Amino acid sequence: MQEMINQAAQWLAGAHKAIVFSGAGVSTESGIPDFRSAGGLWTRYNPAEYGTLGAFLRDPQKVWGMLAEMEQVMNVKPNAGHLALARLERAGYVAGIVTQNIDGLHQAAGNTNVVEYHGSNRTYSCLRCRVRFPRAEVQQMPVPPRCPRLVEGSRCDTILKPDVVFFDEAIPMQAVIGADHLVRGADFVLVVGTSCEVYPAAEIPQQVRRQGGRVVEVNMELARGLNSHLSLQGKFSQIVPAIAERVLALRA
Ligand code: NAD
């Protein structure tokens, strides 16, 4: 393993432009379960019934059954892996992160250039009034939270939707542009905590590879379709700090 860590660090330190592509697996050690590992959300809730905008519009109360479970685990802290990525950005080794996560932990760790490809749960929207509410306000509401605005003299009461991207929704334009900006010219991508099964997000490491860049993966279970140049199997909170330490030592 140490040899692979050294190799990953050498490639990262020598890259012209290195980026990170992250998924739910980086947050499991902070206490947020991922979706596809044993016991994960999608092993208990059918994505077709709970993970689409169509499902939400049909029965928002039912979908909030799952969202409420997610909400309970969202007040957590970044782990050593998140902190290591922030150190790498501060030291100028990482240009930015494209994350599939909605939990804001990369920003909480100190990363400043983070593209939230699937939105975030910092805000919630009323699809009828087209008004956004901050998470702190929504957390004070009973579940499912309902729009408190007055419409023609009575409460709107429409059930709010978190501003996260459901499976049948388009990626927000701002995220597409932000990700494109990061990926363009990248010659190294560190893929962390993602099964790379959700498209179009999973195109990101493939694009770096197509433009001649190196793909290094850190995953508990290796992603099946990724075809990386180097695969480090193990914990994000252990392997990524080890890579960062090595990168920073190479500079010294
Ligand atoms: P996924 O559940 O499909 O895959 C997670 C991957 O991370 C797996 O390969 C697993 O082996 C690996 N993993 C788990 N724990 C790990 C650890 N401690 N160290 C290293 N690797 C670890 O997740 P995905 O690919 O991100 O796709 C799921 C979708 O669900 C994403 O679109 C994401 O937006 C969403 N989601 C987000 C959160 C969050 O914001 N924290 C949580 C669950 C799901």
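Residues numbered from 1 in each chain as written. Predicted model: local features only at pLDDT ≥ 70, side-chain atom pairs only at ≥ 80, totals over all residues. Heavy atoms only, no water.

## Thoughts on helix 10 (residues 203-210)
We count it as follows: Here's how the labels work: a residue is buried when its accessible area is under 20% of the maximum for its type, exposed when over 50%, partly exposed in between, all with a 1.4 Å probe on protein chains only. Strands are runs of DSSP state E lasting at least 2 residues, helices are runs of H or I lasting at least 4, and numbering of each runs from the N terminus. Here, two residues are considered to be in contact whenever any of their heavy atoms come within 4.5 Å of each other.
Of the residues making up helix 10, those classed as buried are Ile204, Pro205, Gln206 and Val208. Contacts from the buried residues of helix 10 go to strand 1 (18-22), strand 2 (96-99), helix 9 (173-183), strand 9 (188-192) and strand 10 (214-219). Two residues or fewer past helix 10, glycine 212 is found with a positive phi of approximately 95°.

## Topic: the site of the ligand
Where we set the bar: We call a residue near a molecule or strand when any one of its heavy atoms sits within 4 Å of it. Here a polar contact means two N or O atoms within 3.5 Å. Within protein one must be a hydrogen donor candidate and the other an acceptor candidate, and residues neighboring in sequence count only if both atoms are side-chain atoms. Note that accessible areas follow from Shrake-Rupley with a 1.4 Å probe, and for residues the cover is restricted to the protein chains shown. Asp, Glu, Lys and Arg are counted as charged, while Ala, Val, Leu, Ile, Met, Phe, Trp, Tyr, Cys and Pro are counted as nonpolar; the rest, among them Gly, fall into the polar class.
Around the ligand, the surrounding shell holds 28 residues, and the nearest of these are Glu29, Gln100, Asp103, Thr194 and Ser195. A distance of 2.6 Å is found between a nitrogen atom of the ligand and a side-chain nitrogen or oxygen belonging to aspartate 103. For the ligand, an oxygen atom lies 2.6 Å from a polar atom in the side chain of serine 195. The fraction of the free accessible surface of the ligand (860 Å²) that becomes covered by protein chains is 95%. A per-class count over the shell around the ligand returns nine nonpolar, 13 polar and six charged.

## Comments concerning the sheet that holds strand 2
Threshold: At least two DSSP bridges between two strands are required for those strands to pair. Fitted lines through C-alpha atoms serve as axes, helices being fitted only where they are in contact, and the angles separating the N-to-C directions of these axes extend from 0 to 180 degrees.
Here we have six strands laid out as an open sheet, ordered 3-2-1-9-10-11, and parallel in their pairing. Two strands bound the open sheet, and with one partner strand each, they are strand 3 (114-116) and strand 11 (230-233). Across the sheet, the axes of successive neighbouring strands diverge by a mean angle of 15°, strand direction being ignored. Looking at chain direction, strand 1 and strand 2 are connected through four bridges and run parallel. Opposite serine 22, over in strand 2, you have threonine 99 as the bridge partner. Relative to strand 3, helix 9 is tilted by about 140°, and along the sheet it contacts strand 1, strand 2 and strand 3.

## Things to note about the side chain of lysine 17
As for its position among the elements, lysine 17 is in the loop between helix 1 (2-14) and strand 1. One polar contact links the side chain of lysine 17 to the main-chain carbonyl oxygen of histidine 181, over a distance of 2.9 Å. A polar contact of 2.7 Å, which involves the side chain of lysine 17, links it to the backbone oxygen of arginine 184. Once you skip the residues sitting within four places of it in the chain, lysine 17 turns out to touch Ala95, His181, Leu182, Arg184, Gly185, Ala186, Asp187 and Phe188.

## What about helix 9?
Rules: Taking the helix axis as origin, the arc is that swept by the directions to the C-beta atoms.
Buried within helix 9 are the following residues: Ala175, Ala179, Leu182 and Val183. Buried positions in helix 9, seen along its axis, are confined to an arc of 90° and lie on one side of it. Seen from the open side of helix 9, the exposed residues pointing more than 90 degrees away from its buried face are Met173, Gln174, Ile177 and His181. Contacts made by the buried residues of helix 9 are with strand 1, strand 2, strand 3 and helix 10. With its phi angle positive at about 85°, glycine 185 sits one or two positions after the end of helix 9.

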